[in-house]
Amino acid sequence: MFQVEESEECTMLRESVRKFAETEISPLAAQLDRDEEFCIPLTHKMGELGLFGTIVGTEYGGQGLDYYSYIICVEELARVDSSQAATIAAHNSLGAGPLYYFGSEAQKKKYLPGLSTGKELWSFGLTEAEAGSDAQASKTTAVYDVATAEWVINGSKLWITNSACELTKGITVQAITGKRPDGRNELSCFLVPVPSPGLTCRAMKDKMMWRASNTGELFFSDVRVPADAILGKRGDGFEIMMQTLDNGRLSIAAMGLGLAKGAFLLTLQYAKERRTFGKPICQHQAVSFKLADMAMRIEAAQELLYKACRFKQQGLAFQKLAAMAKLYCSEVAEFCAREGQQTFGGYGLMKEYPIERLYRDAALLRIGEGTSEIQRLVISRYIGC
Ligand code: COS
């Protein structure tokens, strides 16, 4: 089902992550979701499998995989459980990614080896209470203290994945560092270690979805970092954040594709076993047509996502395709989870059945890392509107 043309190495990687997800994650997923628990032993095991630092070069302790290989890891995890996939996607794309792509040699040597083990997490501090879709509207500031040669950060961040658990090692924080000649805020990125004096990281609870992933709310009160904690150049912050999100969209798309496949497979299996009116429900057109629509959309989503990955790998402009893949895979995931739940009927409303969790987890995909509306805005800019 959903065959792909890929190298033997990629198929082996896919199969090993699938086996891990089915044997190690699947038995725990419902309980972790119910308890809203971020599972450290499971995170360590994902580290042992090499799922952290996937795209980081081997010279910094990473796996040195290409983007497609990383994407299929996320997809295979999400087929079983979005929470664990989210930990991996956020860490690789948003945490280690910008450090690897924009960090100085010293920053990379300092942080990346630990971040490739599964024992340390790095997070991406962009969103604020009043700066979500409008990511330039950050209010967090960083003021340079000439006397101590330090930046002093004040402000807050919200909904930051991997930022408030025992494994959090640091956060890349976007802050205002001055005014640009055109009157807009100058934004810069800082590498802020956790713990730091003046920094409070609070886990956000009572989430509807991704309940076993860690989400944090951060408060900065005169947090001091040295001058060399700046990522890239002063004033490059927004561009770094935007380029990071271009990459991140591919991993959210992979989460959508994986979830859609997971929902489809659960539904197909159930529809073959469940009988009504004297036959398995998959033999009723009302159900078989749902499965046909799911399968068709999954094939289309897969092609779009893998094309975007190929473009990125070949150094071609992939940003429009990444936004399209993020948008489309999210919509396909939600469609498959909803049609799956509908097929399960009353059982689909019970936590005993994984389709219920997949239905809730799908909702994040059209909101996180740029809403579906933002993806449409990005796409419409690229197509010349
Ligand atoms: N790559 C590199 N640079 C980019 C870029 C990208 N993808 N997108 C924008 N930029 C640059 C622009 O070139 C521009 O540079 P100059 O100031 O030098 O001209 C600058 O960033 C501002 O661009 P623009 O004016 O287009 O920004 P907007 O404020 O209009 O915002 C959107 C653009 C809406 C696309 C952006 O705010 C966005 O992506 N919002 C969603 C944020 C998001 O996903 N949040 C969720 C995070 S959860 S981890």
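Residue positions are given per chain, counted from 1 along the sequence in the order it is written. Local features in this predicted model are restricted to residues of pLDDT 70 or higher, and side-chain atom pairs are both shown and tallied only at a pLDDT of 80 or more, whereas totals for entire chains, interfaces and linings draw on every residue. With hydrogens and water stripped out, all remaining heavy atoms of the structure feed into the side-chain values.

If you look at the biggest cluster of nonpolar residues, it comprises 76 residues, and the most contacted ones within it are Leu-77, Met-255 and Leu-305. Secondary structure elements with two or more residues in this core: α1 (8-35), α2 (40-48), α3 (67-80), α4 (82-102), α6 (237-273), α7 (285-313), α8 (319-344) and α9 (354-365). Each helix is a run of DSSP H or I of at least 4 residues and each strand a run of E of at least 2, with the numbering of both proceeding from the N terminus. Per-element accounting of this core gives the leading share, 13 residues, to α6. Residues are treated as being in contact if the distance between any of their heavy atoms lies within 4.5 Å. Among all residues touching Leu-305, those that are not within four sequence positions of it are Ile-71, Leu-250, Ala-253, Ala-254, Leu-257, Ala-325 and Cys-329. Only buried Ala, Val, Leu, Ile, Met, Phe, Trp, Tyr and Cys residues count toward a nonpolar core, and they belong to the same one when joined by side-chain atoms within 4.5 Å. For each residue, the accessible area found with a 1.4 Å probe, counting protein chains only, is set against the maximum for its type, and the residue is called buried under 20%, exposed over 50%, and partly exposed in between. Counting 19 residues, the second-largest nonpolar core is a separate cluster that includes Val-56, Leu-94, Leu-99 and Leu-231.

Let us look at the packing of α6 against α7. Helix axes use the C-alpha atoms of the stretch in contact, all axes being lines fitted to C-alpha atoms, and the angles between their N-to-C directions lie in the range 0 to 180 degrees. The geometry of α6 relative to α7 is characterised by a closest axis approach of 10 Å and an angle of 155° between their N-to-C directions. Classified by the interaxial angle, the pair formed by α6 and α7 is roughly antiparallel. Crossing angle aside, the handedness with which α6 passes α7 is left-handed. Taking contact as the criterion, the partners of Asn-247, Leu-250, Ala-253, Ala-254, Leu-257, Ala-260, Lys-261, Ala-263, Phe-264, Thr-267, Leu-268 and Ala-271 in α6 are, on α7, Val-287, Leu-291, Met-294, Ala-295, Ile-298, Ala-301, Gln-302, Leu-305, Tyr-306, Ala-308 and Lys-312. Small angles under 35 degrees read as roughly parallel and large ones over 145 as roughly antiparallel, with 65 to 115 read as roughly perpendicular and the rest as oblique. Take the far helix as your reference; a near helix turned counterclockwise from it by less than a right angle gives a left-handed crossing, and one turned clockwise gives a right-handed crossing.

Right, let's talk about the domain arrangement of the chain for a bit. Per the domain assignment, the segments of the chain are domain 1 (8-120), domain 2 (122-236) and domain 3 (239-382). Throughout the structure description, domain borders are defined by an automatic or database domain assignment. Distance from the C-alpha centre of domain 2 to the C-alpha centre of domain 3: 31 Å. Counting from both sides, the interface comprises 16 residues of domain 2 and, opposite them, 15 residues of domain 3. When two parts are put together, the accessible area they lose, computed with a 1.4 Å probe and summed over both, is reported as buried area. In total, about 1300 Å² of surface goes out of reach between domain 2 and domain 3, with carbon and sulfur atoms giving 78% of it. It is Phe-124, Met-208 and Trp-210 in domain 2 that bury the most area against domain 3; as a group they hold 45% of the surface buried on that side. The working definition used for a salt bridge is a side-chain nitrogen of Lys or Arg within 4 Å of a carboxyl oxygen of Asp or Glu. Connecting domain 2 to domain 3 are zero salt bridges. We define a polar contact as two N or O atoms separated by no more than 3.5 Å, with the added condition that, inside protein, one atom must be a possible hydrogen donor and the other a possible acceptor, whereas residues neighbouring each other in sequence contribute only through side-chain atom pairs. The tally of links from domain 2 across to domain 3 stands at four residue pairs in polar contact (both at pLDDT 80 or more).

Moving on to the side chain of Thr-54. As for its placement among the helices and strands, Thr-54 is situated in the loop between α2 and α3. The class for Thr-54 is buried, based on a relative accessible area of 1%. Separated by 2.8 Å, the side chains of Thr-54 and Asn-92 make a polar contact. In this view, Thr-54 contacts Gln-63, Gly-64, Leu-65, Tyr-70 and Asn-92; residues no more than four positions away in its chain are not counted.

What follows covers the site of the ligand. One heavy atom suffices: a residue is near a molecule or strand as soon as one of its heavy atoms comes within 4 Å of it. Close to the ligand lie 21 residues; Ser-133, Gln-136, Arg-180, Asp-246 and Arg-381 are nearest. One nitrogen or oxygen atom from the main chain of Ser-133 is found 2.8 Å from a nitrogen atom belonging to the ligand. At 2.6 Å, a side-chain N or O of Gln-136 approaches an oxygen atom of the ligand. Within the complex, the protein chains bury 70% of what would otherwise be the 1000 Å² of accessible surface of the ligand. Space inside and on the surface of the protein is sampled on a 1 Å grid over the protein atoms alone, with a cavity defined as a set of points where a 1.4 Å probe fits but cannot get out and a pocket as an open set with protein on both sides within 12 Å along at least 5 of 7 lines; lining residues have an atom within 4 Å of a point. Here the criterion for a molecule occupying a pocket or cavity is that more than half of its atoms lie within 2 Å of the pocket grid points. Here the ligand occupies the largest pocket. Take the shell around the ligand: its biggest share by element is seven residues, from α6. Amino acid classes used here: Ala, Val, Leu, Ile, Met, Phe, Trp, Tyr, Cys and Pro are nonpolar; Asp, Glu, Lys and Arg are charged; the rest, including Gly, are polar. For the shell around the ligand, the per-class residue count stands at eight nonpolar, six polar and seven charged. When residues of the shell around the ligand are assigned to domains, at least three fall in each of domain 2 (122-236) and domain 3 (239-382). All accessible-area figures derive from a Shrake-Rupley calculation using a 1.4 Å probe, and residue coverage is judged against the displayed protein chains alone.

This next bit is on the layout of surface pockets. Looking at the largest pocket, its volume works out to about 1200 Å³. Contributing to the lining of the largest pocket are 42 residues, with Thr-127, Gly-132, Leu-245, Glu-369 and Gly-370 lying nearest its centre. In terms of residues, the lining of the largest pocket owes the most to one element, α6, which gives seven residues. Considered class by class, the residues forming the lining of the largest pocket number 24 nonpolar, eleven polar and seven charged. Grid points are joined across faces, edges and corners, and a volume is the space filled by probe spheres set on the points. For the second largest pocket, the calculated volume is near 380 Å³. Only α1, α3, α6 and α9 provide two or more residues apiece to the lining of the second largest pocket. Counting residues per element, the lining of the second largest pocket draws most heavily on α1, which supplies six residues. In terms of residue class, the lining of the second largest pocket is built from eight nonpolar, three polar and nine charged.

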